[in-house]
Amino acid sequence: MMGFELVRRAAPSRRMQVLAPLQAVLLTLMAGLGLFALLGQNPMHAFHEFFIAPLSTANGVSELLLKASPLCLIGLGLAIAYRANVWNIGAEGQMYMGGVFATGLAIHFQESWGAFLLPAMIVAGMAGGMLWASLTALCRARFHASEILVSLMLTYVANLVVKYLVFGPWQDPQANNFPLTVEFQDNALFPLLAALGWEWFEGTRLNLSIVITLVAIPLAWFFCQRTFAGFQLAVAGVAPAAARYAGFSASRAIWMAMLASGGAAGLAGVSEVAGPIGQLNDRWTPEYGFTAIIVATLARLNPLAVPVAALLMALLYLGGESVQIGLQLPKSISQVFQGLLLMFLLGSEVLVRFRLRRRHPTAHAAPSASVSVATAAGEKAA
Amino acid sequence: MKRSTFLGATVASLALATLGLGAASAAEPLKAAFVYVGPVGDGGWTYAHDLGRKAMEKALGGKVVSTIVENVPESGDAERVIRDLAAKGNKLIFTTSFGYMDSTLKVAKSFPKVEFYHATGFKSAPNVTIYNSRMYEPAYLAGIIAGHMSKSGKLGVVASFPIPEVVRNINAYTMGARTVNPAITTKVVWVSTWYDPTKERQAAEALIGQGVDVLIQNTDSSAPLQAAQDKGVYAFGWDSDMTAYGPKAHLASAIEIWGGYYTKAAEAAVAGKPLKQTVWGGIKEGMNDLVSINPIVPEAARKQVADKRAEIAAGKLVFTGPIKGQDGSMKVAAGKSLTDKEVDSINWYVEGVEGQLPGQK
């Protein structure tokens with residue numbers, strides 16, 4: 001009987017670390033073709049509508065970047081935190097607080113602060129995200145509370161803070177009691193790229209906030225790979241005992257991880273309220289903070305891969321919209337693609353630590369070192 | 001079915017183009033698009049809009065084809081969807097939830113030749129027209145039935161957001177019930193979502209746990225009705241006829257009827273004279289109603305509902321004094337009525353509603 005078996009590698013394969021995500025994407029695309037065929041569509045046509053059509057216009061490209069930018073920003077922060085084994089699940093709430101702090105300045109100092117308003121909002125938004133994250137850091141570092149639960153729960157609290165403000169003190173008096181603030185004036189909004197003379201972006205919503213993300217990518221990489229603090233965080237994550245032995249403070253690592261991820265989420269919040277939304281309202285729950293968890297995971301916590309993962313997640317979202325508008329397929333297709341992608345990624349991960357070997361009918365030499373294909377398949381399904 | 005008509009229309013227009021009849025041919029159908037906040041299968045708000053859309057397509061024969069986009073979040077995403085629909089040549093765009101207001105206005109600015117219709121908002125523009133329905137009218141009628149059916153004297157509302165649109169429905173429901181039993185009270189649970197069957201169901205169960213025996217909801221799904229069916233109490237359908245979701249618990253359904261309006265808007269657009277007036281219709285205009293009253297509802301209640309319905313259809317305003325506020329103070333004197341402007345920005349509860357209105361100063 002011929003078959004294959006999985007053999008544990010001596011060391012994780014570097015080549016597969018790069019190839020596994022690519023393989024996952026490829027398998028997702030192939031499964032996607034089958035899915036479209038099952039839905040009674042011409043697969044190539046649907047495929048084009050899902051993956052190519054959204055990118056075929058300047059507006060489409062700018063929408064992709066606009067959607068990917070906050071995902072990337074939050075994903076970078078989370079990648080840093082997760083490297084340190086600090087599981088910040090509450091980036092969504094930290095993003096809300098970034099939006100709240102920036103809105104506070106935008107509606108109270110609209111007249112007096114002139115051109116300084118937007119820079120001040122950026123700083124305030126980052127501070128807001130960090131402040132919210134610091135509550136979790138405090139609970140974890142001082143009281144050993146689970147940061148997963150605390151940060152997640154604080155997301156709901158942050159949402160209630162937003163609601164309190166837009167239903168109460170910050171409500172636009174002209175808004176018929178609807179829960180919204182006034183719309184921000186120009187000096188509280190990120191300028192559109194089109195307005196800055198980039199003609200290619202004429203008529204699109206892409207704004208200068210993308211520059212923050214573009215700067216954050218190399219910064220995050222530099223922090224992780226080239227600074228002592230980044231190294232300390234990584235050690236604290238991979239081998240806490242070794243970190244302690246080396247004299248690295250565990251609570252310092254927690255604080256750094258939470259503040260970095262909270263600050264990034266806060267910045268994403270500013271880029272939303274001072275960008276496409278242009279006000280604070282109670283419906284602003286884009287769930288970027290949760291989607292960014294998938295982004296960071298998909299990127300294997302590598303800051304240089306985060307932008308790619310963010311673009312991919314944004315494309316899955318836009319593609320779902322596109323097939324719905326163009327072919328009237330259900331929008332849940334996006335979620336199916338997200339699920340497929342994660343499943344194939346987890347499956348492909350196996351090949352980083354194991355390799356596939358043809359099973360010889362006679363050789364049963366090292367059963368302890370090999371895993372049967374059946375178990376591997378089980379692992380894949382899980 | 002939907003898809004095949006759409007494809008059929010595309011094929012037909014392609015055939016025309018290849019025959020050299022040209023794009024300007026009078027036979028080319030008008031393209032209309034609908035942006036939905038929930039799924040068509042919600043059985044409530046979005047389903048009612050989709051029924052209206054289908055009625056429009058049917059009434060206009062092949063003169064109009066429509067595209068839908070469902071589950072569009074009321075965040076920055078809405079603007080992209082609306083812009084995309086406008087860019088793809090839709091000449092009529094209906095955005096069917098309050099949260100799309102500012103996005104609709106922004107897109108409308110860059111597409112002056114496209115007509116936008118926004119449901120339930122308060123901001124308009126030269127090419128953005130507002131339409132809404134006075135759901136507090138059927139809510140009042142539902143209240144009358146609730147007053148007759150409740151044994152505990154406690155009514156419950158599963159409510160979405162504390163905005164005027166919802167507050168006035170809670171008020172009307174309570175006022176209707178108190179015409180039958182002046183001691184009746186209404187409890188409200190806010191779920192902060194329009195469509196989340198799990199949350200809606202939990203809220204309904206919490207209300208039932210507090211002794212509520214007739215529920216109504218101002219959310220988009222049938223979950224509260226299903227919860228009532230399981231727990232052996234009564235409830236209403238909202239936005240669409242929900243009889244099938246809980247036939248025993250279902251007392252009646254307060255429904256939206258959008259078909260007439262959508263048909264008129266499409267006909268006007270085909271004729272080249274788009275509708276521009278704000279429409280806020282009710283039972284009189286045939287934009288909503290209370291339907292499918294359960295046979296167990298006693299004759300006295302049916303008669304009271306029929307009489308009140310006739311009054312409303314003849315133009316009598318629901319919010320006519322005397323109306324007392326929560327604290328018993330007189331809010332609307334006898335013989336006076338709230339103006340449309342006041343109804344549209346109401347932020348206080350009438351007597352009989354329990355709890356504090358969130359955000360009330």
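Residues numbered from 1 in each chain as written. Chains lettered and ligands numbered in written order. Predicted model: local features only at pLDDT ≥ 70, side-chain atom pairs only at ≥ 80, totals over all residues. Heavy atoms only, no water.

A.B. asks: Just to check I follow, could you spell out the domain arrangement of chain A for this structure?
C.D. replies: Where the parts come together, the accessible area they lose is often given as the size of the interface. Residue and element names in this part refer to chain A. Each assigned domain of chain A is listed with its residue range as follows: domain 1 (1-41 + 330-382) and domain 2 (60-328). Computed over C-alpha atoms only, the centres of domain 1 and domain 2 are separated by 33 Å. Contacts between domain 1 and domain 2 engage 14 residues on the former and 14 residues on the latter. Of the roughly 1300 Å² buried where domain 1 meets domain 2, counting both sides, 68% is carbon and sulfur surface. A per-residue breakdown of the area domain 1 buries against domain 2 is headed by Lys331, Gln338 and Leu341, which together make up 36% of the total. Here domain 1 is connected to domain 2 by 1 salt bridge. Linking domain 1 with domain 2 are 2 residue pairs in polar contact (both at pLDDT 80 or more). Split by residue class, the side of domain 1 that touches domain 2 holds 8 nonpolar, 4 polar and 2 charged. (Domains from an automatic or database assignment. Contact = heavy atoms within 4.5 Å. Buried area = accessible area lost by both parts, 1.4 Å probe. Salt bridge = Lys/Arg side-chain N within 4 Å of Asp/Glu carboxyl O. Polar contact = N/O pair within 3.5 Å; in protein donor to acceptor, adjacent residues only side chain to side chain. Nonpolar A, V, L, I, M, F, W, Y, C, P; charged D, E, K, R; others polar.)

A.B. asks: Even after reading the chapter, I still don't get the sheet that holds strand S3 (residues 92-95) of chain B, so can you show me in this structure?
C.D. replies: Picture the strands of a sheet paired through backbone hydrogen bonds; they go either parallel or antiparallel. Residues and elements named next belong to chain B. Strand order in this open sheet of 6 strands is S2-S1-S3-S4-S5-S11, and the pairing throughout is parallel. Only two strands of the sheet have a single neighbouring strand rather than two, namely strand S2 (64-69) and strand S11 (279-281). Averaged over all adjacent pairs, the angle separating strand axes in this sheet is 20°, with direction ignored. The sheet strands contacting helix H3 (residues 76-87) are strand S1 (30-35), S2, S3 and strand S4 (115-119), and the helix crosses S3 at an angle near 165°. (Pairing = 2+ DSSP bridges. Helix = DSSP H or I, 4+ residues; strand = E, 2+ residues; numbered from the N terminus. Axes fitted to C-alpha atoms, helices over the stretch in contact; angles between N-to-C directions.)

A.B. asks: Is there a simple way to think about the nonpolar core in this case?
C.D. replies: One recurring pattern in soluble globular proteins: nonpolar side chains tend to sit buried together. Residues and elements named next belong to chain B. Core analysis: the biggest nonpolar cluster contains 101 residues, and Phe116, Ile145, Tyr173, Phe236 and Phe319 have the highest contact counts within it. It is helix H5 (residues 136-149) that contributes the most residues to this core, 9 residues altogether. If near-sequence neighbours (up to four positions away) are discounted, Ile145 is found in contact with Phe236, Leu251, Ala252, Leu290, Ile293, Val297 and Val305. (Core = buried A, V, L, I, M, F, W, Y, C linked by side-chain atoms within 4.5 Å. Buried < 20%, exposed > 50% of the residue type's maximum accessible area, 1.4 Å probe, protein only.)

A.B. asks: Would you mind showing me how to read the confidence of the model for chain B here?
C.D. replies: For any part of a model where pLDDT is low, the fine detail of the predicted coordinates should not be relied upon. Residue and element names in this part refer to chain B. Looking at chain B as a whole, its pLDDT mean stands at 91, while 92% of the residues score no less than 70. By mean pLDDT, the top-scoring element of chain B is H5 (98), and the lowest-scoring one is helix H1 (residues 2-18) (43). Across residues 1-25, confidence stays below pLDDT 50; counting only partners more than four residues off in sequence or on other chains, it has 14 contacts. Overall fold confidence for the complex sits at a pTM of 0.83, while the interface term, ipTM, reaches 0.78. (pLDDT = per-residue confidence, 0-100.)

A.B. asks: What exactly am I supposed to notice about the packing of helix H4 (residues 91-108) of chain A against helix H6 (residues 147-167) of chain A here?
C.D. replies: Two numbers describe a pair of packed helices, the interaxial angle and the distance between the axes. Residue and element names in this part refer to chain A. One can describe the packing of H4 onto H6 by two numbers: an axis separation of 7 Å at closest approach and a directional angle of 30°. The pairing of H4 with H6 is recorded here as roughly parallel in orientation. Both H4 and H6 take part in a crossing whose hand is left-handed. Contacts from Glu92, Gly93, Gln94, Tyr96, Met97 and Val100 of H4 reach H6 at Ser151, Thr155, Ala158, Asn159, Val161, Val162 and Leu165. (Parallel < 35°, antiparallel > 145°, perpendicular 65-115°, else oblique. Left-handed = near helix turned anticlockwise from the far one by under 90°.)

A.B. asks: Just to check I follow, could you spell out the domain arrangement of chain B for this structure?
C.D. replies: Residue and element names in this part refer to chain B. Considered domain by domain, chain B is made up of domain 1 (24-134 + 258-281) and domain 2 (136-256 + 288-343). Here the C-alpha centroids of domain 1 and domain 2 sit 28 Å apart. Across the contact, 17 residues belong to domain 1 and 19 residues belong to domain 2. Both faces combined, the contact of domain 1 with domain 2 buries some 1500 Å², and carbon together with sulfur accounts for 49% of it. Contact with domain 2 buries surface across domain 1, with Trp45, Arg134 and Trp280 losing the most and accounting together for 39% of the total. Between Asp340 and Arg134 there is a salt bridge; the shortest N-O distance is 3.0 Å. Taken together, domain 1 and domain 2 are joined by 9 residue pairs in polar contact (both at pLDDT 80 or more). In terms of residue class, the side of domain 1 that touches domain 2 is made up of 7 nonpolar, 7 polar and 3 charged.

A.B. asks: I'm lost on the sheet that holds strand S12 (residues 288-291) of chain B in this one. Help?
C.D. replies: Residues and elements named next belong to chain B. Pairing is mixed across the open sheet formed by 6 strands, whose spatial order is S7-S6-S8-S9-S10-S12. Single-partner strands in this sheet number two, and they are strand S7 (185-190) and S12. Pairwise comparison of adjacent strand axes, ignoring direction, gives a mean angle of 20° for this sheet. Examined bridge by bridge, strand S8 (residues 214-218) and strand S9 (residues 234-239) share 2 bridges and lie parallel to one another. Within S9, the position partnered with Leu215 by the bridge is Ala235.

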